[in-house]
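# Descriptive structure summary
Now for the letters of each chain:
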Amino acid sequence: MGSSRARVQIVDTLNRPAGSARRCDMRRLKIWHRAVYILVLDQHDRLCVQRRTLCKDIFPGYRDLCAGGVVDAGESMASAARRELHEELGLSLTLSWCLKLHFEEGMNAFGSVFIARYHNQPITLQSSEVEAIEWMTLSEALAVQDATPDSQQVLKALMDQGFLS
């Protein structure tokens, strides 16, 4: 995710572009925006789970079941997903779009969800955002008590709609 000075894509309650705002203002005012979520699965269908750094502005120290973040102003969802995956994990993987979700509790975001398959490429963690990663089965990931609420919702939706089993 970018700095608090970055301009993010603002949308209305129907997910139509409505300008841009500074990331810090979007968070503070809970303005509707777009976000991307990328579940990274290895060849054994284990999920890459990130430990968020303690300096994150929301959910510091929590575990994130997906890579991802806020869409920059004028950026497409697919471009944002590729950017976030590369920023957080140093990976350039093929992304498969799965579904859209929206989050109203605390964040007011429209999310696009992608799955990426990992095949032993080098991983480079973004030190300002990701403290560590671990690989978990889907059932282990569902049981994580300190996962970010939006990433839990993403994983449950993918399982409920048959994208993961």
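One can find the structure itself at the top, above this paragraph.
I will try to describe carefully the structure that is included in this document. (Residues numbered from 1 in each chain as written. Predicted model: local features only at pLDDT ≥ 70, side-chain atom pairs only at ≥ 80, totals over all residues. Heavy atoms only, no water.)

### Notes on the packing of aromatic side chains
The line we're drawing: Pairs were defined over the aromatic rings of Phe, Tyr and Trp, the Trp ring being its six-membered one, requiring ring centres within 6.5 Å. Orientation was assigned from the angle between planes: stacked under 30 degrees, edge-to-face over 60, tilted for the rest. Helix and strand assignments follow DSSP, with helices taken as H or I runs no shorter than four residues and strands as E runs no shorter than two, numbered in order from the N terminus. Accessible area is worked out with a 1.4 Å probe on protein chains only. A residue is then buried under 20% of its type maximum, exposed over 50%, and partly exposed in between.
Overall, the coordinates contain four aromatic pairs when judged by the stated rule. Aromatic side chains W32 and F110 sit 4.8 Å apart centroid to centroid with 35 degrees between the ring planes, which places their arrangement in the tilted category. One end of the pair, W32, is in the loop between α1 (23-29) and β3 (33-41); the other, F110, is in strand β8 (residues 109-117), with 78 residues separating them in the sequence. Residue classification places W32 among the buried residues on the basis of a relative accessible area of 16%.

### Details of the side chain of N108
The cut-off we apply is this: Here a polar contact is recorded for every N or O atom pair within 3.5 Å, except that within protein the pair must consist of a potential hydrogen donor and a potential acceptor, and residues adjacent in sequence are included only if both atoms are side-chain atoms. In what follows, residue pairs with any heavy atoms lying within 4.5 Å of each other are defined as contacts.
Within the secondary structure, N108 is located in the loop between β7 (95-103) and β8. Reaching out from N108, the side chain makes a polar contact with the backbone oxygen of K30 at a distance of 2.8 Å. Residues in contact with N108, not counting those within four places in the same chain, are K30, I31, W32, H33 and F103.

### A closer look at the nonpolar core
Quick reminder of the rule: By nonpolar core we mean a set of buried residues, namely Ala, Val, Leu, Ile, Met, Phe, Trp, Tyr and Cys, connected to one another through side-chain atoms within 4.5 Å.
Ranked by size, the top nonpolar core spans 26 residues in total, and within it L39, L47, V154 and L158 carry the most contacts. Of all the secondary-structure elements, those providing two or more residues to this core are β3, β4 (47-52), β7, β8, α3 (138-142) and α4 (149-160). Discounting residues that sit within four places of it in the chain, L47 has contacts with L39, V40, L41, L65, E134, W135, M136, L138, A141 and L155. Formed by 16 residues, the second largest nonpolar core is a distinct cluster that contains V36, A80, L85 and L89.

### A word on the pattern of salt bridges
To be explicit about the condition: Counted as salt bridges are all cases of a side-chain nitrogen of Lys or Arg within 4 Å of a carboxyl oxygen of Asp or Glu.
Within this structure, the stated rule accounts for 16 salt bridges. Across the salt bridge formed by D72 and R83, the nearest N and O atoms sit 3.7 Å from each other. On the criterion of sequence distance, the pair formed by D72 in the loop between β6 (67-70) and α2 (77-89) and R83 in helix α2 is long-range, its members being 11 residues apart. With a relative accessible area of 22%, D72 lands in the partly exposed category. Residue R83 is classed as buried on the basis of its relative accessible area, which comes to 17%. Of the charged contacts in the structure, one is a salt bridge between E84 and R83, with a shortest N-O distance of 3.1 Å.

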